[in-house]
Amino acid sequence: MKLIITFLLSALFLFASDSNHLKVKVLGNILSEISIKEPIKIWSDDVKILAEFQHSSKFRTTKKCNEANIIILQRKSNLIQECRKKHIFVLSYDLLSNIQNSFGALFWKKGGPNIIILQPRIKTQSIQVSKNLNPYLEEKIW
Amino acid sequence: MKKILLLILFVPLLFSQELLLDSLLNEYQDSESLYKKTKKESAGFLLVYSREDLERMQAYSLKDVLKTIRLYTLQMHSIGVSRILNVGQGKSALPPIKLYIDDFEITSVAQGNALDMYGEMDIYFVDHIEIYQGGNSIAFGNSPGSMVIRLYSKDPSRENSSSTQITFDSKSSGDFRIIDAGSADEYDYLFYADAAKTNYKKPTRNKQELSRDASRLQAHFKISQDDNFEIAIDTISTKTDIFNGMGTAPLGDDSLRRYTYINAIKYFQGDIKLSLAASTERKKFFNSDANGIQLTTDLQGTPTGNDLDIDIHSNTYKITLDKKIIDGNHDFLIGAEFQQNRLKVKTYKGTNVTPVIGPKKLDIYMFYLEELYNINKNNLLAFSAKVDYYKDSFSKSSTEYAYRLGYISLINEVWTTKLFAISRYTYPNALQTTFAPPVYNVNPELESSTTKMLAGELEYNDNTHRVVFGYAYKVIDDALSFDKVTKKYINSPDTIYFNRVYIRGEHHFNFNNKAIIEVYKGYKDDYYSPGAGALVQLFNKVGKFDIYNELVYRDSYILVNPLTNEDIKMDAGYDYTLAISYPVNKKLKVKLKGENLLNKASKTIIDTAGEIKIPAIERRGLITMEYTF
């Protein structure tokens, strides 16, 4: 905050990095409230998100999608065939409809970030969620 | 009584509890707030109304924001249009306030004041509002203004939804708004439309009701592709009953104000931006009066006629080219703009006065540059200069200059200071030089006025508390003043001196709860508007309820009765607003709002007899339902 050049001229960069950090914090918070059959190993097609997770001591990450068990997905085109059966958490609302295997989403709607976890899909995929995620559980896509 | 009030206002703070993930989402949302990306701290003394603020204030119209701005007072004009006056407004013309919607400046030729056209606009498509006071940046282009109001439309990539909102109020008014925004492939789009009918209390004079009821249609469309282009189209059309009109017995006629613009921006490699814009404007005014239209400058004289019919059209064309260079500690902007204003008086009937029409075409060539230089990591120098060449169709030309020197320093972790020295000009508008209603004469020879100003701001901010103290000293030469003898605007031979101070305190209890208190005072000899004012805003959340309390205070002031020349003391105003909203579910939100609940908001006089006193914001209750698809 001390750097005036950042403060005045390059606020955009600060804004972007701070915001990405918080985004990953939200994602980390969600993932820490779920449990699957094995320890969580994350892959994401968003390199910034993956890089942030790499610095986290809570989660393991991988650079290969097929080695991960949780996928954080930005674009459908980045999801290769052999990863389609993994647990997928998406970053856009539309992907929840387009990717039948996706169990939850963090997305922007009406100017604010939203979280949604689809109950029927976590049940099918044997994902356990803690009660802290109860407010975000939905039976179906809105 | 005071204890009860304090209890009502602060109890919500005690019950505010957040889930961890919810708090994190709030923090994430705040970090992504669009104003953090668009605001320009070096461009002046900044006031920001974030999207969150606007929503919790239930600011439906721009005037809901205008009435809260320090150093200004919102008032009602005798023909049913609201206007905004500077602290201690003298006999000089209205302050040159610039209004932007995204990158487009609303250039009103016929009105000479963008707020006349857009002051009561609906802001459902607006994300946030930035207000720059105290010698705003030349980099904003066009002729410099005393205050710049920038409206930023919602970002489609964060909307991804369609919403509709309907409002009814206690005066049987209705307002219907719809917005659809999102992304399709690589393109972002936003479409918004609004239809409103607003009714007002009708004061009576000689058993005759004076109506300023208004209907408005508004639409905004935007399509863009990141780092490539953006096209915006906007239109607003307002029909207003004539209210007091220009005589003593108006027969229920109306006026029409319509404005449409298109603005296209193309971004090139190397931080080059090219903008092309065109706007068209129409003002139609028809006033029939049983006793005849009376010249306000000749109130004892004979009425000029029974009907007044005026229809003015104007067009503006603009082309702007900007280039930005960021190199080490330098941030350099250079740009040029060509603007052409055309005005056409299509109809001017009903008076025994032959109107004098001034130059109908004005070309403006502008060149500007701005350098922001980082002396070191805590100190910044800002310098900007602007040269504008004006040439009208009467072959009158002039070259105008504006300069600005700024120094911004982060004194330590919590203290910041901003200092600006400004020399700028105000070019007369078409209502002063080219075309005037039959109440005064035009003056094509009118020259621009010059303003020199020294202004500073000192800020303390520890993230929980924020205190801002601001001061400005202003000297105006050749002020554009109305001369009662010649019945036209002239360059005042007197130099005007002006001081003003303000102090603003904010306390952020947490993300959902904050309190703002602001006080200002202007020091000047003539007062035609309040010379001092204050604002209290309390933003609270109790469970799912959003509660907003607002008190706008404006000091008493003196007006002169145009008939008798006697002073009329206008009482101090206390405009109290309470707004409560509740999300029924993820799709439906219900909102309740009471405006001017004490019925003591600052008033002005709208008739020549000085008998009818009207507030800009009337007491009314509103209920709104918002549905998101």
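Residue numbers restart at each chain and count upward from 1, following the sequence in its written direction. Chain letters start at A and ligand numbers start at 1, both assigned in the order the entries are written. Totals for whole chains, interfaces and linings use every residue, but because this is a predicted model, local features are given only for residues with pLDDT of at least 70 and side-chain atom pairs only at 80 or more, for both listing and counting. As a rule here, side-chain values come from all non-hydrogen atoms in the structure, and water together with hydrogens is ignored.

Trainee: Would you explain the interface of chain A and chain B in this entry?
Mentor: Often, the extent of an interface is quoted as the loss of accessible area upon association of its parts. With 32 residues of chain A at the interface, the matching set in chain B holds 43 residues. Between Lys or Arg on one side and Asp or Glu on the other, a salt bridge is scored when a side-chain nitrogen of the former is within 4 Å of a carboxyl oxygen of the latter. Counting across the interface, chain A meets chain B through two salt bridges. Two residues, Lys110(A) and Glu626(B), come together in a salt bridge whose shortest N-O distance is 2.7 Å. Definition of a polar contact: a pair of N or O atoms within 3.5 Å, with one able to donate and the other able to accept a hydrogen when the atoms are protein atoms, and with sequence-neighbouring residues admitted only if both atoms are side-chain atoms. On inspection of chain A and its partner chain B, the count reaches 11 residue pairs in polar contact (both at pLDDT 80 or more). Numbering of helices and strands runs from the N terminus, with a helix taken as a DSSP run of H or I at least four residues long and a strand as a DSSP run of E at least two residues long. For the side of chain A that touches chain B, the secondary-structure elements that each account for two or more residues are helix H1 (4-9), helix H2 (11-31), strand E6 (102-109) and strand E7 (112-118) of chain A. Two residues form a contact once any of their heavy atoms are found within 4.5 Å.

Trainee: Would you take a moment to explain the environment of Val552(B) for this structure?
Mentor: As for its placement among the helices and strands, Val552(B) is situated in strand E30 (residues 545-554). Beyond its immediate chain neighbours, meaning those up to four positions away, Val552(B) contacts Lys67(B), Thr68(B), Ala534(B), Leu535(B), Gly573(B), Tyr574(B) and Asp575(B).

Trainee: So what exactly am I meant to see when it comes to helix H2 (residues 20-31) of chain B here?
Mentor: Count 3.6 residues to each turn of an α-helix, and residues three or four apart come out pointing the same way. The terminal C-alpha atoms of H2(B) lie 16 Å apart, and with 12 residues this matches the ideal 16 Å at 1.5 Å per residue to within 8%. Here the term buried applies to any residue with accessible area under 20% of the maximum for its type, exposed to any over 50%, and partly exposed to those in between, with areas from a 1.4 Å probe on protein chains only. When H2(B) is considered as a whole, its buried residues turn out to be Leu21(B), Leu24(B), Leu25(B), Asn26(B), Tyr28(B) and Ser31(B). Expected span of a helix: the number of residues minus one, times 1.5 Å.

Trainee: How should the pairing of strand E32 (residues 567-570) of chain B be read in this particular structure?
Mentor: Two faces, one strand: in a regular strand the side chains alternate between the faces of the sheet. All names here are of chain B. Here E32 shows a clear split, with Ile 568 and Met 570 buried on one side and none of Asp 567 and Lys 569 buried on the other. With four bridges joining them, strand E31 (residues 557-560) and E32 adopt antiparallel strand pairing. Across the sheet, Val 560 pairs through a bridge with Asp 567, a residue of E32. A pair of strands is considered paired only if DSSP assigns at least 2 bridges between the two.

Trainee: Explanation requested: the sheet that holds strand E5 (residues 104-105) of chain B in the structure shown.
Mentor: Think of a sheet as strands paired side by side through backbone hydrogen bonds, with each pair either parallel or antiparallel. Residues and elements named next belong to chain B. What the five strands build is an open sheet, ordered E1-E6-E7-E4-E5; its pairing is mixed. Of all the strands in the sheet, the pair left with one neighbour each is strand E1 (45-49) and E5. Bridging between strand E6 (residues 126-133) and strand E7 (residues 147-153) involves seven bridges; their strand directions are antiparallel. Across the sheet, His 128 pairs through a bridge with Tyr 152, a residue of E7.

Function cannot be read off these values alone, since they describe shape.
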